[in-house]
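Structural overview
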Amino acid sequence: MDLTYSEGDQAFRAEVRAWLEEHLAGEFAGLRGLGGSGREQEAYEERLAWNRHLAEHGWTCVGWPTEYGGRGLGLMQQVIFHEEYARADAPSRVNHLGEELLGPTLIAFGSDAQKERFLPGIRAVEELWCQGYSEPGAGSDLANVQTKARLDGEEWVIDGQKVWTSNAQDAAWIFVLARTEPGSSRHHGLSFLLVPLDQEGVEVRPIEQLTGDSEFNEVFFTGARTTADLVVGQPGDGWRVAMGLLGFERGVSTLGQQVGFARELEGVVELAKQNGSFDDPVIRDRLARARVDLEVMRLNALRGLSASVAGEGSSSGGGAASIAKLVWANWHQDLGELAMAVAGPDGLTVRGAPYDLDPWQRLFLFSRADTIYGGSDEIQRNILAERVLGLPKEPKG
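In this convention, every chain numbers its residues from 1, walking through the sequence in written order. Totals for whole chains, interfaces and linings use all residues, but because this is a predicted model, local features are given only for residues with pLDDT of at least 70 and pairs of side-chain atoms are given and counted only at 80 or more. Only hydrogens and water are removed before side-chain values are computed, so all heavy atoms of the structure are retained for them.

Turning next to the pattern of salt bridges. When a carboxyl oxygen of Asp or Glu lies within 4 Å of a side-chain nitrogen of Lys or Arg, that pair is called a salt bridge. One pass over the full model with this rule turns up 20 salt bridges. Here Glu127 makes a salt bridge to Arg117, at a shortest N to O gap of 3.0 Å. Residue Glu127 is found in the loop between α5 (112-123) and β1 (129-132), and its partner Arg117 is found in helix α5; the two are separated by ten residues along the sequence. A residue is classified by how much of its surface remains accessible, and Arg117, at 39% relative accessible area, is partly exposed. Residue Glu266 is joined to Arg291 by a salt bridge in which the shortest nitrogen-to-oxygen separation is 2.7 Å. Within this pair, whereas Glu266 is found in helix α7 (residues 254-275), its partner Arg291 is found in helix α8 (residues 281-309), the two being separated by 25 residues in sequence. The class of Glu266 is partly exposed, set by a relative accessible area of 41%. Labels follow the DSSP assignment, with helices taken as runs of H or I lasting at least four residues and strands as runs of E lasting at least two, numbered in each case from the N terminus. The buried label applies to any residue whose accessible area, calculated with a 1.4 Å probe on protein chains only, is under 20% of its type's maximum; exposed applies above 50%, and partly exposed to all values in between.

A few words on the packing of helix α1 (residues 7-23) against helix α3 (residues 75-87). Axis angle and axis distance: for two packed helices, these are the angle between their axes and the distance between the axes, and together they describe the pair. Orientation of α1 relative to α3, taken along the N-to-C sense of each, is 35°, at an axis distance of 9 Å. By crossing handedness, the relation of α1 to α3 is classed as right-handed. Residues Gly8, Asp9, Phe12, Arg13, Val16, Arg17 and Leu20 of α1 form the contact with α3, whose own contacting residues are Met76, Gln77, Ile80, Phe81, Glu83, Glu84, Tyr85 and Arg87. Side-chain classes are defined by residue name, with Ala, Val, Leu, Ile, Met, Phe, Trp, Tyr, Cys and Pro counting as nonpolar, Asp, Glu, Lys and Arg as charged, and the others, Gly among them, as polar. Of the residues assigned to the contact of α1 with α3, the class counts are seven nonpolar, two polar and six charged. Only C-alpha atoms enter the line fits that serve as axes; for helices the fit covers just the stretch in contact. Angles between N-to-C directions range over 0 to 180 degrees. Working rule for handedness: look at the near helix, and if it is turned counterclockwise from the far one by less than a right angle, call the crossing left-handed; if clockwise, right-handed. When checking whether two residues touch, look at their non-hydrogen atoms; a contact exists if any pair is within 4.5 Å.

The next subject is the layout of surface pockets. Here a cavity denotes grid points, spaced 1 Å and computed from the protein atoms alone, that fit a 1.4 Å probe unable to get out, and a pocket denotes an open set having protein on both sides within 12 Å along at least 5 of 7 lines; residues with an atom within 4 Å of a point are the lining. Grid points are joined across faces, edges and corners, and a volume is the space filled by probe spheres set on the points. Its volume calculated, the second largest pocket comes out at about 220 Å³. Every residue along the wall of the second largest pocket is listed here: Tyr5, Glu83, Arg87, Leu255, Gln258, Val259, Ala262, Arg291, Leu294, Glu295 and Arg298. Looking at the lining of the second largest pocket, the elements with two or more residues in it are α3, α7 and α8. Across the lining of the second largest pocket, the residue classes tally to five nonpolar, one polar and five charged.

Quick look at the pairing of strand β7 (residues 216-227) now. With eight bridges connecting them, strand β3 (residues 155-162) and β7 associate as antiparallel partners. Bridge assignment links Asp159 to a residue of β7, and that residue is Thr222. Pairing between strands requires that DSSP locate at least two bridges from one strand to the other. Inspection of the sheet shows strand β6 (residues 202-207) paired to β7 by six bridges, in the antiparallel sense. For Val204, the partnering residue across the bridge sits in β7 and is Val219.

We now examine the packing of aromatic side chains. When we look at a pair of aromatic rings, we describe it by the centre distance and by the angle of the planes. Side-chain rings of Phe, Tyr and Trp, where Trp is taken by its six-membered ring, are said to pair if the distance between their centres is within 6.5 Å; with planes under 30 degrees apart they count as stacked, over 60 as edge-to-face, and otherwise as tilted. This structure, assessed with the given rule, holds 17 aromatic pairs. Centre to centre, the rings of Trp19 and Trp59 are 6.0 Å apart; their planes meet at 50°, and the pair counts as tilted. One end of the pair, Trp19, is in helix α1; the other, Trp59, is in the loop between α2 (44-56) and α3, and 40 residues separate them in sequence. Taking the relative accessible area as the measure of exposure, Trp19 reaches 12% and is therefore buried. Overall, the relative accessible area of 3% leaves Trp59 in the buried class. For the pair Phe175 and Phe192, a centre-to-centre distance of 5.6 Å together with 10° between the ring planes defines the contact as stacked. Here the residue Phe175 occupies a position in strand β4 (residues 173-179), and Phe192 occupies one in strand β5 (residues 190-196), the gap between them amounting to 17 residues. Judged on exposure class, the residue Phe175 and its partner Phe192 are both buried. Taken together, the aromatic side chains of Phe12, Trp19, Phe28, Trp50, Trp59, Phe81 and Tyr85 make up a single cluster linked through ring pairs. Above the ring of Trp59, the side-chain terminus of Arg71 is found at 3.6 Å from the ring centroid. For a lysine, the NZ atom is tested; for an arginine, the CZ atom; a charge sits over a ring if that atom is within 6 Å of the ring centre and within 35 degrees of the ring normal. Lying over the aromatic face of Phe278, Lys273 brings its terminal NZ or CZ to 5.6 Å of the ring centre.

Glycine aside, residues mostly have negative phi, and peptide bonds are mostly found in the trans state. Not every positive phi belongs to a glycine, and Cys61 is a case in point at roughly 55°. Relative to the helices and strands, Cys61 resides in the loop between α2 and α3. Among the residues examined, Cys61 registers a relative accessible area of 1% and is labelled buried. The backbone of Arg186 shows a phi angle near 50°, a positive value even though the residue is not glycine. Take Arg186: it is sitting in the loop between β4 and β5.

What follows covers the nonpolar core. In this description, a nonpolar core means a group of buried Ala, Val, Leu, Ile, Met, Phe, Trp, Tyr and Cys residues linked to one another through side-chain atoms lying within 4.5 Å. Core analysis: the largest hydrophobic core is formed by 42 residues, its most contacted members being Phe192, Leu194 and Phe221. With six residues, β4 is the largest single contributor of residues to this core. Non-local contacts of Phe192, meaning those with residues more than four positions away in its chain, are made with Leu102, Tyr133, Phe175, Val176, Leu230, Val231, Val232, Gly238, Val241, Ala242 and Leu245.

On to helix α9 (residues 320-343), then. Multiplying 1.5 Å by the helix residue count minus one yields the expected span of that helix. Relative to the 34 Å expected for 24 residues at 1.5 Å per residue, α9 spans 34 Å between its end C-alpha atoms, a close match to the ideal helical length. Phi turns positive, to about 65°, at Gly344, one or two residues after α9.

Once that is clear, we can look at the pairing of β3. Where a strand is regular, its side chains alternate between the two sheet faces. One ladder, built from five bridges, connects strand β2 (residues 148-152) with β3; its direction is antiparallel. By the bridge assignment, Asp152 is partnered in β3 with Glu155. If you look at the hairpin formed by β2 and β3, you'll find two residues sitting between the two strands, and Gly153 has a positive phi there, around 65°.

On to the side chain of Gln209, then. Structurally, Gln209 can be placed in the loop between β6 and β7. Residue classification places Gln209 among the buried positions, given a relative accessible area of 15%.

In structure tokens, the structure reads:
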């Protein structure tokens, strides 16, 4: 395992750090730290302007091939970019689903016409996307999709419902996994469709969360339409495309995420010092354990990255992606609980009416979902047990 950075990598890190320091100023100076977990609607228009500023200077889609408008950065430099972005406390970007998920999926599976139509708008942050996967009866069990689509001349007609659809209220388009072969079941007969949201056949209903925000939405399709050519891959091949997209979901931004976690932990430590709870040996032990576990997480991510760079296998192989999801989700949830322990009685009351949460209350409430979204703990353990260890499948019934 090689955890060192080359001279070129170090020079690139300095370039990214200097650019962020120079440009997170003026009209963008007040955006540092905004829009994190549970605060996706915070300063939304200002963060959108910042995201477009990044695009104008070539700092979106940095891992995309240059022929599609990206920088063509290698894996290590992509990680460096995400680390420095998080270290600068730059605002959360609004284009993650398009840039990190759909874009790479279109590059891998899309037609030339689809790439030409959609990739420039994603790179320039002019068209925002959301993801239509989960349904009321098919959350982590993605193969149980019931939303249906049928061809009517030159258009697909879509009927069904999606749920937990992040940022649908701000998106122009949604990529939808729908059942297009009548009588099919599980992962057979699914298609991956690109659907405009601004039409009569689509209704978006926000879902209020514990934090008071409405990041998530329900999306209802009642005779919604999209043109026949906006199926990615072949009709009926949606499962392969959907799984390809999920492979991009847990990519190089992981180490940047951990920089953000480290900042949150430092904030909890500082709170403990301010209110005197740092003198409690139990609190100090929990803070130390959180620091150690975070460092183990970072080294494990670097180990996977090093193996991938060396051509020794993907960091997602052997169940690594499921292990990583279990580890970081539970660590972050534990941090939320630790923050409440450090806050003590003050953590039980809001700062003002009607529901003014402080950062630690928001961390605690939002992190309750960490072990559910992106594949629940139960699903991740089943993947590891059945697909990696070869244990008998869980009985159905």
